Each structure stands twice: as structure tokens, then as C-alpha cells.
2 protein chains.
Amino acid sequence: MRVLGIDPGLATIGLGVVDSASPSDIRAVEWLVLRTKPGRPLADRLREIHADFSEYLAECKPDLAVIERQFFAKNETTAMDVSHARGCLLLALAQHDIPHLEPTPLQLKSAVTGDGKASKAQIQDMMALMLRLETKPTPDDAADALALAVYGALRANDPATALVLP
Amino acid sequence: MRVLGIDPGLATIGLGVVDSASPSDIRAVEWLVLRTKPGRPLADRLREIHADFSEYLAECKPDLAVIERQFFAKNETTAMDVSHARGCLLLALAQHDIPHLEPTPLQLKSAVTGDGKASKAQIQDMMALMLRLETKPTPDDAADALALAVYGALRANDPATALVLP
């Protein structure tokens, strides 16, 4: 199965894709970021995000998506911007009938590193190790997205998980 | 010109429409609410909001939209839900190439009642008066949306306003 991890944002959206046959057989397909330009009106940036992400979904054809659950940042304006973008990403997933999981940052870090307080560097190290990559995945948003995809592959392949996919 | 006012929300979205030839000639066309069911998954509700609102835009054909700027509520979960929905509403406006204004609640209340701290009841009274309605517009979300539409008609017709419409 193919799992797409999504690290939501307004300026930068991290995307990471893995293919997985079992919890011990998870292979990285690709990782990348979508970006929008800071100077443009919010509605135009949302249109760009929705169009680019929809196009990506049509090409990538994931069986499952994993999008990080959002917590409030100290900067409320930034948090609202992310929520606006996250709404458009969830919309595109629903429009493409792609089921999704929404782990919290704690759930994600616990599942992929065993440490709920893991740093970004630890996550990158673990991704390189688990996915047998020659170099650490970068930038941070793409590495986080790859970790989200691995989280989905572990959850989907775990018989103890009551994850029902269509 | 036709102006659409939008009071954003996840469970209830207020819509109000006015036609206006000048600041002294503003007529109410209609006011209504779109609703989504609380029990359903967030992504499904966003898809429903985007589909219903896009359909409404195609029928209503507004020249200008006015969508309230959001401030953080005490309940952060509610605020995030509203931001997710508001993102999908802004997306639909951009997809239909409809220009929009985003007044703060203070700007809205000041412009339509002369009192930045006006209550919902005062706004309803003023709408009934300005638009020569026989009864006060209800529910609150629709009355707020009508006030937003009036705000847009006043702004668009004010020669002092540097409002550039396509």
C-alpha cells in the first residue's frame, strides 16, 4: 500500500510518500515540499495549495494519507494561517476519497522514534535508518511528512489497529 | 452591484445578499444559512461546505464578497474548526474570481451601526431599518451576513474608498 504523509502549512507543505507491504518492508518513494509565496493574498495562496495538492494526489494515488493534527502555536496568526491551509488540504483528501489519519505530534514521535519528545534531528536520523536512505531527508517539513507516512504504514500494517480502509 | 456577506463557521455559515446602486439604495435580496452535521468527520463537512458554497456562488453571482475576519475565541478548538471552514470558503471565492473584503468585527459594527460595540440585537434592528424589512432578519448568523453585505455596499459605493474591483 502507498501512504502519503502531509505536514500542513501555508508557506510550506511537506509531503512524504512510502510504499509498504509489511511493518518491516517500508520503502521511501519520495519527499518534497509545496510552497506558496508570502506576499500574495491569502485566498490566492489557498487556491494554489488546493490546485497543486489535488494534482499531486491524482499522480501519487495514495491508499492512505496521514496529516498532522494541529496544536495552537504561540503565534495565533500563524496558527490561523495553518488552519486555513489545512482545511483546503483536508478538503482535497475528501474530494479524492482518500482516508486519512490525524496523529498528534506526540503520537507521531512516539510511534516512529519511541520518544514522544524526539527532536527534528532524531526524526531525520530515524527516517534515514528505517528507510535505508543514504542521506538524511531534508528539509524539515519533508522529513516530518516522511515520518507521518511511516506512521501510517506502521498503523495500517498493525493487526492490533482497528484501521478500516475502504 | 451585488454584494454577498459571509459569516464563516463549520456548523453554520451565514449568507446575506444585497443589491446596491448607491449608499442610499441598498436592497436585501435574501439571507440564509448553510449547515453541516456535527457528528460527521471534519473533512466530509469541509467537502460539503465547499460544494454547497461553490454552487451558491454560481447561482448568486456576486460582484463582491465580504467575509468576516476571524479573531481567536476562548475555545481554541472551535477557532481552529472555523479557520478550517473559512479556508475552504476563501478558496471557493478565489476559484470563482470574486474579490472580497475582510473587515474585523469592530470595523463591521462601526460601519453599519456607528457603534463598534453594538450587540447582535442592535445589528438586527439596524438591518431591518436600513433595508426596510418588515421583520428582523434571523437567525443571528444570517443577520450578521446581511450586515457584512451592507458593509460591502457602503464601502464599494464610497468614493473615498480606494476599493478596486475587477
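This text goes with the structure placed above it.
Below you will find a few notes about this structure.

Rules used in this analysis
Residues numbered from 1 in each chain as written. Chains lettered and ligands numbered in written order. Predicted model: local features only at pLDDT ≥ 70, side-chain atom pairs only at ≥ 80, totals over all residues. Heavy atoms only, no water. Helix = DSSP H or I, 4+ residues; strand = E, 2+ residues; numbered from the N terminus. Buried < 20%, exposed > 50% of the residue type's maximum accessible area, 1.4 Å probe, protein only. Contact = heavy atoms within 4.5 Å. Polar contact = N/O pair within 3.5 Å; in protein donor to acceptor, adjacent residues only side chain to side chain. Least-squares fit on C-alpha atoms with pLDDT ≥ 70 in both. Buried area = accessible area lost by both parts, 1.4 Å probe. Salt bridge = Lys/Arg side-chain N within 4 Å of Asp/Glu carboxyl O. Nonpolar A, V, L, I, M, F, W, Y, C, P; charged D, E, K, R; others polar. Pairing = 2+ DSSP bridges. Core = buried A, V, L, I, M, F, W, Y, C linked by side-chain atoms within 4.5 Å. Arc of directions from axis to C-beta. Expected span 1.5 Å × (residues − 1).

Considerations on the environment of His50(A)
Reasoning step 1: You can see His50(A) is positioned in helix 1 (residues 42–60).
Reasoning step 2: Residue class for His50(A) comes out buried when judged on its relative accessible area of 9%.
Reasoning step 3: Sequence spacing of His50(A) and Leu34(A) is 16 residues, and the spatial spacing of their C-alpha atoms is 11 Å.
Reasoning step 4: Other than its neighbours up to four places away in sequence, His50(A) contacts Cys88(A), Leu91(A), Ala92(A), Gln95(A), Leu91(B) and Gln95(B).
Reasoning step 5: Engagement of the side chain of His50(A) in a polar contact is seen with the side chain of Gln95(B), the distance being 3.5 Å.

Quick look at the environment of Ser20(A)
All names here are of chain A.
Reasoning step 1: In this structure, Ser-20 sits in strand 2 (residues 12–22).
Reasoning step 2: When its relative accessible area of 5% is taken as the criterion, Ser-20 is described as buried.
Reasoning step 3: For the pair Ser-20 and Gly-152, spaced 132 residues apart in sequence, the C-alpha separation works out to 9.7 Å.
Reasoning step 4: The residues touching Ser-20, leaving out its near neighbours within four places in the chain, are Met-1, Asp-25, Ile-26, Ala-153 and Asn-157.
Reasoning step 5: From its side chain, Ser-20 meets the backbone oxygen of Ser-22 in a polar contact 3.4 Å long.

Brief notes about the relation of the copies chain A and chain B
Reasoning step 1: Once chain A has been moved 0.0 Å along the axis and rotated by 180°, it coincides with chain B to within an RMSD of 0.0 Å. Both chain copies can therefore be described as sitting about a two-fold axis.

Focus on the interface of chain A and chain B
Where interface size is quoted, it is often the accessible area lost as the parts come together.
Reasoning step 1: If you look at the interface, chain A gives 22 residues, while chain B gives 22 residues.
Reasoning step 2: For the pairing of chain A and chain B, the buried interface totals around 2,000 Å² over both sides, and the portion due to carbon and sulfur atoms is 72%.
Reasoning step 3: On the surface where chain A and chain B come into contact, there are 2 salt bridges.
Reasoning step 4: For Arg47(B), the salt bridge goes to Asp97(A), with nearest N and O atoms at 3.2 Å.
Reasoning step 5: The tally of links between chain A and chain B comes to 8 residue pairs in polar contact (both at pLDDT 80 or more).
Reasoning step 6: The element best represented in the side of chain A that touches chain B is helix 2 (residues 76–95) of chain A, accounting for 12 residues.
Reasoning step 7: Here the side of chain A that touches chain B is composed, by residue class, of 10 nonpolar, 7 polar and 5 charged.

Observations regarding the sheet that holds strand 1 (residues 2–7) of chain B
Reasoning step 1: Pairing is mixed across the open sheet formed by 5 strands, whose spatial order is 3-2-1-4-5 (chain B). A single partner strand is all that each edge strand has here, and the edge strands are strand 3 (25–35) and strand 5 (100–101) of chain B.

Quick notes on the nonpolar core
Reasoning step 1: Judged by nonpolar contacts, the single largest core of 52 residues is most densely connected at Ile6(A), Phe53(A), Ile6(B) and Phe53(B).
Reasoning step 2: Those residues within four positions of Ile6(B) in sequence are excluded, and the remaining contacts are Ile13(B), Gly14(B), Leu15(B), Phe53(B), Ala65(B), Val66(B), Ile67(B), Glu68(B), Leu89(B), Leu93(B), Ala145(B) and Leu148(B).

Comments concerning helix 4 (residues 120–130) of chain B
For an α-helix, 3.6 residues make a turn, and residues three or four places apart therefore share a direction.
Residues and elements named next belong to chain B.
Reasoning step 1: Listing the buried residues of helix 4 in full gives Ile-123, Gln-124, Met-127 and Ala-128. The buried residues of helix 4 occupy one face: seen down the axis, they fall within an arc of 135°.
Reasoning step 2: Its buried side turned inward, helix 4 meets helix 3 (105–113) and helix 5 (140–157).
Reasoning step 3: Looking one or two places after helix 4, you find Arg-132, whose phi comes out positive at around 50°.

Description of helix 2 (residues 76–95) of chain B
Residue and element names in this part refer to chain B.
Reasoning step 1: In this model helix 2 runs 28 Å from its N-terminal to its C-terminal C-alpha over 20 residues, within 8% of the 28 Å that 1.5 Å per residue would give.
Reasoning step 2: Counting buried residues in helix 2 gives 15 out of 20 residues, a clear majority hidden from the surface.
Reasoning step 3: Phi for Asp-97, located one or two positions after helix 2, is positive at around 55°.

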